[in-house]
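Here's the letter readout for the chains.
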Amino acid sequence: MEPLTVILGFGIFPPEHTCDGANTSPAITVFGAKSPYLAVIMEDPDASRGTFTHWLAWNIPRTEKIPEGLPAEETLTEPVAAVQGKNDSGKIGYSGPCPLRGESHRYLFHVYGLDRPLDLAPGADRVGLGRAMGDAIREYGQAIAAYGRAAEAGSPRC
């Protein structure tokens, strides 16, 4: 598997990409892709009930920049072509970081270079996407960012 360089442009989420702001998907820069398609999985490995999937997108034609603010629709043609799945909130598209108050979590952006478009229905979940990608994966890279929410005033510290 060949490496991809994945850059978010921040190490700590700006509020506009979180539940404390506009909850819009961030831009993702991808260098080194030679495969014709990309897939993105964003997840929170620090979630209290196990890894939480925040975003699934696939069949993105190779590009160096996935733009920010992708609409929460199953199939996109603008600003970039993509198919989006259901996140663990049960919604289509991006769901930004929203840890409990007083907690800070890491968020992993996995980007895969695929040698073909996936024959996977819009709205698929993380397991379905993983199965569909299978032997189509040729490249991989990841980026990590953190987000923490301040404890509410007057709440006890643990």
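Side note on the sheet that holds strand E3 (residues 28-31)
In spatial order, the strands read E2-E3-E6; together these 3 strands make up an open sheet with antiparallel pairing. In this open sheet, the two strands that pair with only one neighbour each are strand E2 (5-7) and strand E6 (65-66). In the sheet, E3 pairs with E6 via 2 bridges, with the strands oriented antiparallel. The residue bridging Thr 29 from the neighbouring strand is Lys 65, located in E6.

Description of the pairing of strand E9 (residues 104-114)
Burial within E9 is extensive, with 9 of its 11 residues counted as buried. Pairing between strand E4 (residues 37-44) and E9: 7 bridges, direction antiparallel. Among the inter-strand pairings, Met 42 is bridged to a residue of E9, identified as Phe 109. Bridge count between E9 and strand E10 (residues 137-148): 11 bridges; the pairing is antiparallel. When the sheet's bridge partners are listed, Val 111 is paired in E10 with Gly 141.

Remarks on helix H1 (residues 126-133)
Taken together, the buried positions of H1 are Gly 128, Leu 129 and Met 133. One face of H1 carries all of its buried residues, which in axial projection span an arc of 130°. Two or three places before Val 127, at the start of H1, stands the capping residue Asp 125, its side-chain oxygen 3.3 Å from that residue's backbone nitrogen. A positive phi of about 25° marks Gly 134, the residue just after H1.

Section: the state of the cysteines
Tallied over the entire structure, the rule returns 1 disulfide. Between the sulfur of Cys 19 and that of Cys 98 lies a disulfide, 2.1 Å long from S to S. Here the disulfide of Cys 19 and Cys 98 is right-handed, its torsion about the S-S bond being about 80°. On the criterion of sequence distance, the pair formed by Cys 19 in the loop between E2 and E3 and Cys 98 in the loop between strand E8 (82-84) and E9 is long-range, its members being 79 residues apart. Judged by its relative accessible area of 41%, Cys 98 falls in the partly exposed class.

Some thoughts on the environment of Pro 26
For Pro 26, the location among the structural elements is in the loop between E2 and E3. Between the C-alpha atoms of Pro 26 and Phe 13, which are 13 residues apart in sequence, the distance is 8.9 Å. Once residues lying within four places of it in the same chain are set aside, the contact partners of Pro 26 are Phe 10, His 17, Trp 55, Ile 66, Pro 67, Glu 68, Tyr 94 and Phe 109.

Notes on the nonpolar core
Counting 26 residues, the largest nonpolar core has Phe 13, Ile 28, Trp 55, Ile 60, Phe 109 and Val 111 as its most contacted members. Those elements that place two or more of their residues in this core are E3, E4, strand E5 (52-61), E9 and E10. Every residue in contact with Ile 60, bar those within four places of it in the chain, is listed here: Pro 36, Tyr 37, Leu 38, Val 40, Ile 66, Val 80, Ala 81 and Ala 82. Leu 56, Val 83, Tyr 112 and Ala 136 belong to the second largest nonpolar core, which has 13 residues in total.

Concerning the packing of aromatic side chains
For the structure shown, the criterion picks out 5 aromatic pairs. Each member of the aromatic cluster is reached from another via a ring pair, and the members are Phe 10, Phe 13, Tyr 107 and Phe 109.

Reading the values: rules and limits
Residues numbered from 1 in each chain as written. Predicted model: local features only at pLDDT ≥ 70, side-chain atom pairs only at ≥ 80, totals over all residues. Heavy atoms only, no water. Pairing = 2+ DSSP bridges. Helix = DSSP H or I, 4+ residues; strand = E, 2+ residues; numbered from the N terminus. Buried < 20%, exposed > 50% of the residue type's maximum accessible area, 1.4 Å probe, protein only. Arc of directions from axis to C-beta. Polar contact = N/O pair within 3.5 Å; in protein donor to acceptor, adjacent residues only side chain to side chain. Disulfide = S-S within 2.5 Å. Contact = heavy atoms within 4.5 Å. Core = buried A, V, L, I, M, F, W, Y, C linked by side-chain atoms within 4.5 Å. Phe/Tyr/Trp six-rings, centres within 6.5 Å; stacked < 30°, edge-to-face > 60°.

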